[in-house]
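# Architecture and fold: a report
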Amino acid sequence: THLRLTSSTAPSGYRDKFWELRDLYQAFNDHMAEVFEPGWIVCVDESMVIFTNPGCPGWVRVKRKPHPYGNEVHTTACGCSKVIFWMEIFEGKDQPTGGPHSTKKYTCGERNKTEALVLRATDCLHNTGRVVVLDSGFGGIHAPLGLLSVGLFCTCVIKKKRYWPTGAEGDKV
């Protein structure tokens, strides 16, 4: 009853199902940005935190994962040491519609969701000339161009598809 992940109080005026975790993730990201120096190559990917209760906030089912049920966490890891140094929980339909967490950095303007996510995931690396590896989930045309605009290089794993999803610019990719 006494273990807490945050010293914050629940927000009033809007519903935020992740309010107890936000401080933990932010503290981790701030600490790693301050003390960890990744190698020349980094990888942006997603990981699963196994949880079998569909009543959990942010619960998703991702069929292609070895453990397909739980919370999806976007991560950035050093390609040399394999140390994760940035994390952001995927909120999905449970993202608050009001308050300061209803919008995220880089989401306003002409950027799409994937580009904004990749720019947040590499925020502490901008203008360092590192190489970012993206898997096919992030490998559209927008994310590599966004990384290039902030001084990072990119390599993508693109799976050629017969039919590209709606909105994906397959020919450009």
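These numbers come from a predicted model, not from an experiment.

### Brief notes about the pairing of strand β5 (residues 131-134)
Put simply, side chains in a regular strand alternate between the two faces of the sheet. Of the two faces of β5, only the one carrying Val132 and Leu134 is buried; Val131 and Val133 on the other face are not. By the bridge criterion, 4 bridges tie β5 to strand β6 (residues 153-156) in an arrangement that is parallel. Paired with Val131 across the bridge in β6 is Phe153.

### A closer look at helix α3 (residues 142-149)
Because an α-helix packs 3.6 residues into every turn, residues spaced three or four apart end up facing the same way. Residues of α3 that are buried include every one of Ala143, Gly146 and Leu147, and no others. Seen along its axis, α3 keeps its buried residues to an arc of 100°; they face one direction. Exposed residues on α3 whose side chains face more than 90 degrees from its buried face are Leu145, Leu148 and Ser149. Buried-residue contacts for α3 involve α2 (113-121), β5 and β6. A positive backbone phi angle near 80° is found at Gly151, which sits one or two residues after α3.

About the cut-offs
Residues numbered from 1 in each chain as written. Predicted model: local features only at pLDDT ≥ 70, side-chain atom pairs only at ≥ 80, totals over all residues. Heavy atoms only, no water. Buried < 20%, exposed > 50% of the residue type's maximum accessible area, 1.4 Å probe, protein only. Helix = DSSP H or I, 4+ residues; strand = E, 2+ residues; numbered from the N terminus. Pairing = 2+ DSSP bridges. Arc of directions from axis to C-beta. Contact = heavy atoms within 4.5 Å.

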